[in-house]
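Structural overview
Each chain, letter by letter, is given below.
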Amino acid sequence: MSLLRNTNATYKPTAQKYQCHVQTHCSESDWARDYSQQMYGKTDAEIYRDFGLMTNKTILAHSIFLTPADHTIIKETGASIAHCPLSNMYFANAAMQTREILDKDLKCGLGSDLAGAPIPSIFHTCLDAVNHSRVREDGTSTYLAADTRGESGSRISFLESYWMATVGGGQAIDAKVGLFQPGFEFDALVVDTAVADSNIFIIDEMDSAKDKLEKIITLNNRQNICKVWVKGRLLIEK
């Protein structure tokens, strides 16, 4: 099968012709990266582009082993990355370039990937994304000196991980969600930090807004979520 780029101006791939959403894995592992290169001499991102599958409705799961050229393709086509940190820690044998992806303003959301990770909570996924970046920054080998075992400056913050879970996720599915502003769907939830048996302990006199958000991300459980709206409809009220 030839994967040469189609230059026929009258040809329009199905994904573009019908404005289809596309979800696929991308450069997920050493094996996946090497297979694409060995079989076709291209990266996954280049193959998807040449098949006409890369649009602003494309979601690329995992995307661990991206090249600088892949970053450019993703940025130019408006495609999005689905970062699944816990799944990646189990199977990718490497850490995603989250810091670089955010710094280059590529669209990126969070995914729990229940096929490869056991925890469905998107809040927990926020924590996993932060941990993922911190392990990458610090490194793991005790045989290397502390200043050589990690990748300096690669950590992300809790606020950035929450941004990916909300705004980034909305961008990835090409939907007006994730922000409280005119023109966006009212998708929201209320977290009750004082509910019985809560793990969240807030001290208003000591905790900043940032502190409170980090505590909610890391410590909330199902019992803390007392109201849920989807598209302006109140669906859950405890």
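Thresholds, definitions, all that
- Residues numbered from 1 in each chain as written.
- Predicted model: local features only at pLDDT ≥ 70, side-chain atom pairs only at ≥ 80, totals over all residues.
- Heavy atoms only, no water.
- Phe/Tyr/Trp six-rings, centres within 6.5 Å; stacked < 30°, edge-to-face > 60°.
- Helix = DSSP H or I, 4+ residues; strand = E, 2+ residues; numbered from the N terminus.
- Buried < 20%, exposed > 50% of the residue type's maximum accessible area, 1.4 Å probe, protein only.
- 1 Å grid on protein atoms, 1.4 Å probe; cavity = no way out; pocket = protein on both sides within 12 Å on 5 of 7 lines; lining within 4 Å.
- Points joined across faces, edges and corners; volume = space filled by probe spheres on them.
- Nonpolar A, V, L, I, M, F, W, Y, C, P; charged D, E, K, R; others polar.
- Core = buried A, V, L, I, M, F, W, Y, C linked by side-chain atoms within 4.5 Å.
- Contact = heavy atoms within 4.5 Å.
- Pairing = 2+ DSSP bridges.
- Axes fitted to C-alpha atoms, helices over the stretch in contact; angles between N-to-C directions.
- pLDDT = per-residue confidence, 0-100.

Geometrically, a pair of aromatic rings is defined through the distance of the ring centres and the angle of the planes. All chains considered together, the criterion is met by five aromatic pairs. Taking the centre distance of 6.4 Å and the plane angle of 20° together, the rings of F123 and Y162 count as stacked. Here F123, found in helix α7 (residues 122-138), pairs with Y162, found in helix α8 (residues 158-172); they are 39 residues apart in sequence, far enough to count as distant. Look at F123 and you get buried, because its relative accessible area is 9%.

Applying the stated criterion across every chain, the model contains one cavity of 30 Å³ or more. Computed from the structure, the largest cavity encloses a volume of approximately 40 Å³. S27, R33, S36, T43, D44, F65, T67 and D70 together form the lining of the largest cavity. Taken together, the residues of the lining of the largest cavity break down into one nonpolar, four polar and three charged.

Counting 32 residues, the largest nonpolar core has M54, L60, I74, I81, I101 and M164 as its most contacted members. Counting residues per element, this core draws most heavily on α7, which supplies five residues. If sequence neighbours within four positions are ignored, L60 has contacts with T24, C26, Y48, M54, I74, A79, S80, I81 and A82.

Either a parallel or an antiparallel arrangement is found when strands of a sheet pair, and the pairing is made through backbone hydrogen bonds. Spatially, the three strands line up as an open sheet ordered β5-β6-β7, and their pairing is antiparallel. Pairing within the sheet leaves two strands with one partner each, and these edge strands are β5 (188-191) and β7 (233-237). Neighbour-to-neighbour, the strand axes of this sheet turn through a mean angle of 15°, independent of strand direction. In the sheet, β5 pairs with strand β6 (residues 225-230) via four bridges, with the strands oriented antiparallel. Note on β6: the bridge partner recorded for A188 is W229.

The subject of this paragraph is the confidence of the model for the chain. Mean pLDDT for the chain: 91, with 95% of residues reaching 70 or above. Of all the helices and strands in the chain, helix α1 (residues 14-17) carries the lowest mean pLDDT, 79, while β7 carries the highest, 97. In this model residues 1-9 is a low-confidence stretch, pLDDT under 50, and it forms 11 contacts with partners more than four residues away in sequence or in other chains.

Side chains on a regular strand alternate between the two faces of the sheet. Where burial is concerned, the two faces of strand β3 (residues 80-83) agree: the one with S80 and A82 and the one with I81 and H83 are both buried. One ladder, built from three bridges, connects strand β2 (residues 58-62) with β3; its direction is parallel. Looking at the pairing, A61 lines up with A82 of β3. By the bridge criterion, four bridges tie β3 to strand β4 (residues 107-110) in an arrangement that is parallel. If you follow I81 over to β4, its bridge partner there is C108.

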